[in-house]
Structure formats: C-alpha cells, structure tokens
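Examining the three-dimensional arrangement
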Amino acid sequence: MKAQKNTLLDETQEVERFNIIFRIQHVIMFTTFLLLAFTGWGLKYAEIDVSSWWIRIWGGPKTAGIIHRVAGVTMILDFIFHVVYIAYLLLTGKMKIRKETTVIPLPKDVKDVIHNFLYFIGLVKTKPKFGRFTYAQKFDYWAVFWGMFIIGLSGLCLAFPIQASYFVPEWATGWFWQLLAIMHSDEALLAIVFILFWHFYNEHLKPEVFPMSWVWLTGKISVKELKHKHPLEYEVMLKEQSGKES
Amino acid sequence: MQKVVILIFICLVVFFIPDSGNADTKAGCLVCHNNMGGKIEYQGKVIDLNVDAEKFEKSVHGFLSCTDCHLGFKENPHLPPEGALSKELQPIMEKISIKAKADPTAMVACYNCHTQIYNDVLGSVHGKNIVDKKSTDGAFCLDCHGTAHYITKSTEKSSPVYQFNVVETCGTCHGSPELAKKYNIEAKVMKSYMESFHGKKHILGHKRAPTCVNCHGAHEVKSKDDPASPVFGKNKINTCGGCHKGANEKFVAAITHQEAGPIPHYAEKGLIILTISVIAFTVTHVLLEAYSDIRDTFFRKKKEVEHESSEEYTS
C-alpha cells in the first residue's frame, strides 16, 4: 500500500490501492454473490413461470439448492477471513486508523453527502474532497456487513435448521422461522437492488470508469486518479513520504 | 322395434370384432357406449353415456370388464341397475350413495379390490363427512383420482394425484374460502404452502419437496385436531423426521399454515421501509450524479481542467 519514492509526484505512475489478498477476497465475494443472487432469485419468485426455466439452467431445483448453500458458506468464510485479516493488520500495525484513510463512517461523510448533492444540483462549484474511501465506497463496504448479519445468519439457520433449532429458545419458535425466511428473502432483494444501482453505477457505468474500474484486477490506481478522487489520502501519503525522506 | 335393430346391430358387430381376451361383455357394452354421445337424466342425476373405449383400455382399469364395477347391470342391453348387492356391499352403498354421480353400485365396486384403502377413506375426515354428515363435501375416490373410466396411475402425469398435480387437486376444495368457513379450517392453506420453502421447491419441480399428502396423509387423512393425524401435536416430530433427520419439537414449529404473527409481520414492514428508503436514496443519488457528470462533461470541460491544473504541485 505504500508508494515508492517520488512516484507520488509523477502523475503517470501508479500506486497500489488493494493488495492481492484483498483482491482475492473481493473476487470470492462477488462470485458467490452472483451465484447466490441467480439461484436465490428463482426460488424467491418460484410462482412465476420463467423461474422454472431459470432454475433448470442452474441444474434443477436440487442442484441450484446445493450451489446456493455452497456459495453461501463460501461467502461467509470469505467474510470471516476478511475480518480476521483486518484485525491482523491492525494488531501488527500494518494498518492504522486515520480519519483520512479509514473506512469507518465519520461525521464528515454526512457532510460530504450533503456537499455532493449540492454539487449535483449546481449550488456548489466544487466536489467534496474525499479520503481513501468516499462515502459511497463506505456505504458499499458496510452494506456487506449488514447483509452478512441479516442474510448470512438467517441463511445459515435455514440451511441447517435442525442444528439451528437447538439455539432457538422455546418461546420464540412461534415466529422465529417465519422471521428467518422474511429476513433472508427481503434483505437479499435489498442487496441485489443496492448492488445493481449503487455499485454498478459507481464502479461500472459512471462515465469516468466505464466499463469498469480496473482496480479490482490490478489493485493499482494512477497518481492522477488518486489526486483527483481521493485528495485527502493523497495528501497523507505525500506527507508520509516526505517525512521519510527528510 | 328399436331394440331389435340395436340387437341385430350388436350381434353383427360382436361377430366381426376380433376377440380381445376378456372382451365379451365389454365389447358388447362399448359397441354402443363408445359411440354414444349426450347425457340422460335418471333419478335426478345427469349421466354421461359416452365411454371412450381407447382411453378406457389405456387406463389402469382397462383390463376389467364393465360389469366388474357396474355390478347392477346384468343384461345386455340393460335395464336400470337393480342394486342387488351382496350383504357386505349393500350397507356401504347406502352410506356413500349420496356421492354417486351415476351408478352407486360402481362406487362400491372399488371395495372389492381396494378393500383396505376403501376402509381408510371411510374412516378419514373426508369419509366421515360423507357417512356421518351425509354431505357431498368430503372427497371420495373419483374426486381425487379423476373420471371413473380413465383413472391412470399416480405416477403418470395425466393423473390428478400425480406428484405435481396433487396440490392443485386438493386445492379444488381446500382453496375455497367458503369451504374453509363452513368447516372452520385454515383458509389460506394453498397460499401459505406456495409461499413456503416446501411449496416453492415443489413449484420448481423438486422431486423430494413434500406435497399435501406427504404430511397430512392421503386416503386416511385426518383433521389436524384428531390425535391420529400425522400433523397433530407431537406426531409432527415423526412426520417431519421422515425427511429431516433429528427433527425436534422446536424445529417442527417451523411449518404451519398459519399467517405470520406480529413479530415477522412488523419485521417485514420494517425491512420493506428500509428497502424503499435505500432504493430511494441510491436511485436519487445515481440519477443526480449522472446528471452532474453529463453536465460537467459537456458544459464545464474547461473549468475542470483549470481546476485540476491549479491544484497541481501545490503541496
């Protein structure tokens, strides 16, 4: 993640934004997400005729169910690995929490949203200055946590209902299972719609990134782009570098 | 005169028909009934006179002769059935004759071969409703298995009790709100099944997804309040355990036909509000951003360049 000497002053150079471990996590995350969305969609809307055809493409209801469960468990493992990896980076000091570079939501993000909306409608002439993660990216990131908590947990219970039943208190059995099904299905819809609008626009359809931001594959970002999109992070990196040089 | 003509006709046809095993009486009946159209009214019941011989031969009972079931018809051409049944069958016929659409003797005839199943049905919640309450509401053989002469195996797609037809067949009665009200039974069983994971998998063609009969039983089906019902109280543990090994009391609570209680109901409302707000926010944001991106590209090109160059090497 650290830039090499002098590269930050040369706009044609590239710096690493995500290392290979993060990139692999992301690939696993979106592959399993797509598999889950594709197979789950057919089950959620089973009563529609086209769903039977769609599920047949995925090998029939039984195979689609196996794909869904395997993808789900893989995604949860990927998520757990991510959290452990972040904890490792923080504990060993390889990652530090700074307000310019952290993914943790801060009051500035709310200001940025308002600022950006004002820019969109033309009331402010400049875009907000973002850190390493814009509020849009933070939203994207934490949406996964929310999804994991709601969809991941309910999905695990639905995939292993007998095991889950041991943890259900007696007084909750009347509504617990119905709640699980609702949580899983409704939040999955939310996740899919969110990814379709938010992630696809911001990382694929936006004129400046179309057809996609290549950072997921190369992990690299040009200094020019860094200065333009994440000026606060750029400043921090520059200070750090000049501090080392002196 | 007419009778004589028919007789001569029958004799001629019978003489020329190639012998097909048991077909003596059957061929005799079908010579006329295969070609007859229309219906007659007899003792207040409308009787369809046509029997499609080819379809009948292909049915599961195609090997039987007509009088194996139409026990009261002794002569050919025949008079109305005399109803001279054996001492065993006569009382059964009296119990169920209310369900007969045409020949009540043919409805008892099933008993001769399917004795055990017949008794199961008579003891079921469906049978009891017919026998005890003299109601036509309870399902009897033909209500589920289809038209008498063309019954096919339950493993065949044409059968109304075929795995992927049986839910719809039960639904012809159990999808009716009037019936649910009349008997004070769960009204939205079809809807709740179709919305359940079992139902969704069934619709998608999952062969191991249970249908109505896998949980409630078929011929011997009991009211859910009957201790003998497989879905009564703790019997569910056994019933669910047939597929879900290790099923326990807390697990079997998962499947009911009841509507969602207040907690899932309001949780769903909350999640819908959340979904709508997130969609509203993202869509507004994306649309406005797209607008501003287009505006910047076409109308503020110069400014953007100036802005960038002014920032260069400032730090």
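To keep things clear, this report deals only with the structure shown in the data block.

Reading the values: the criteria
- Per chain, residues are indexed from 1 in the order of the written sequence.
- Here chains are named by letter from A upward and ligands by number from 1 upward, in the order in which they appear as written.
- In view of the model being predicted, local features appear only for residues whose pLDDT reaches at least 70, and side-chain atom pairs are presented and counted only at 80 or more, with totals across whole chains, interfaces and linings using the full set of residues.
- A run of DSSP states H or I qualifies as a helix once it reaches four residues; a run of E qualifies as a strand once it reaches two. Both are numbered from the N-terminal end.
- Three exposure classes are used, all based on how many other C-beta atoms lie within 10 Å of a residue's own C-beta (placed from the backbone): buried at 20 or more, exposed at 12 or fewer, and partly exposed between those limits.
- Whether two residues are in contact depends on their C-beta atoms, placed from the backbone: they are in contact if these lie within 7 Å.
- We call Asp, Glu, Lys and Arg charged. Ala, Val, Leu, Ile, Met, Phe, Trp, Tyr, Cys and Pro are nonpolar, and the rest, Gly among them, are polar.
- Pairing between strands requires that DSSP locate at least two bridges from one strand to the other.
- For our purposes the nonpolar core covers buried Ala, Val, Leu, Ile, Met, Phe, Trp, Tyr and Cys residues that link as a set through C-beta atoms within 7 Å.
- Think of each axis as a best-fit line through the C-alpha atoms, taken over the contacting stretch in the case of a helix, with angles from 0 to 180 degrees between the N-to-C directions.
- Convention used here: angles under 35 degrees read as roughly parallel, angles over 145 as roughly antiparallel, angles from 65 to 115 as roughly perpendicular, and any remaining angle as oblique.
- Put simply, a crossing is left-handed when the front helix is turned counterclockwise from the back one by less than a right angle, and right-handed when it is turned clockwise.

**Some details on the overall build of chain A**
What chain A contains, in helices and strands, is 10 helices and two strands. The helix and strand sequence of chain A, counted from the amino end, reads β-α-α-α-α-α-α-α-α-β-α-α. Judged by the C-alpha coordinates and their principal axes, chain A covers about 65 × 40 × 35 Å. Within chain A, the proportion of its 246 residues that are buried is 26%. Considering only residue pairs separated by 6 or more positions, chain A has 72% of its internal contacts joining residues 24 or more positions apart.

**Some points on the interface of chain A and chain B**
Quoted interface sizes are often the accessible area lost when the parts come together. Contacts between chain A and chain B engage 40 residues on the former and 37 residues on the latter. Of all the secondary-structure elements, those providing two or more residues to the side of chain A that touches chain B are helix H1 (20-44), helix H2 (49-57), helix H3 (60-91), helix H4 (107-120), helix H6 (161-165), helix H7 (173-205) and helix H10 (231-245) of chain A. With 17 residues, the top contributor of residues to the side of chain A that touches chain B is H7 of chain A. When grouped by side-chain class, the residues that make up the side of chain A that touches chain B number 25 nonpolar, eight polar and seven charged.

**Quick notes on the pairing of strand E2 (residues 45-48) of chain B**
All names here are of chain B. Sheet analysis places strand E1 (residues 39-42) next to E2, joined by four bridges and oriented antiparallel. Looking at E2, one finds that Tyr 42 is bridged to Lys 45. Taken together, E1 and the strand that follows it, E2, pair antiparallel across an intervening segment of two residues, in which Gln 43 is found at a positive phi of about 50°.

**Looking at the nonpolar core**
Ile 96, Val 108, Ala 109 and Tyr 111 of chain B are the most contacted members of the largest nonpolar core, which totals 25 residues. When residues of this core are assigned to their parent elements, the largest contribution, six residues, is made by helix H6 (residues 104-113) of chain B. Setting aside residues up to four positions removed in sequence, Ala 109 of chain B forms contacts with Asp 68, Cys 69 and Leu 71 of chain B. Counting residues in each nonpolar core, the second largest holds 15 residues, with Ala 164, Trp 177 and Leu 179 of chain A together with Ala 254 of chain B among its members.

**Here's the deal with the packing of H1 of chain A against H3 of chain A**
A pair of packed helices can be characterised by two numbers: the angle between their axes and the separation between those axes. Residues and elements named next belong to chain A. The N-to-C vectors of H1 and H3 enclose an angle of 150°; their axes lie 8 Å apart at closest approach. As far as their axial angle goes, H3 and H1 are roughly antiparallel. Taken as a pair, H1 and H3 cross one another with a handedness that is left-handed. For the pair H1 and H3, the contacting residues are Ile 21, Gln 25, Ile 28, Met 29, Thr 32, Phe 33, Leu 35, Leu 36, Thr 39, Gly 40 and Gly 42 in the first and Ala 64, Ile 67, His 68, Ala 71, Gly 72, Thr 74, Met 75, Asp 78, Phe 81, His 82 and Tyr 85 in the second. Looking at side-chain class alone, the contact of H1 with H3 contains 12 nonpolar, nine polar and one charged residues.

**Topic: the packing of helix H5 (residues 135-159) of chain A against H7 of chain A**
Residue and element names in this part refer to chain A. For the pair H5 and H7, the least separation of the axes is 9 Å and the interaxial angle reads 155°. Between H5 and H7, the angle is such that the two are roughly antiparallel. For the crossing formed where H5 meets H7, the hand is left-handed. Facing Ala 136, Phe 139, Asp 140, Ala 143, Gly 147, Ile 150, Ile 151, Ser 154, Gly 155, Cys 157 and Leu 158 of H5, the residues of H7 in contact are Leu 180, Ala 181, Met 183, His 184, Glu 187, Ala 188, Ala 191, Phe 194, Trp 198, His 199 and Asn 202. A per-class count over the contact of H5 with H7 returns 14 nonpolar, six polar and two charged.

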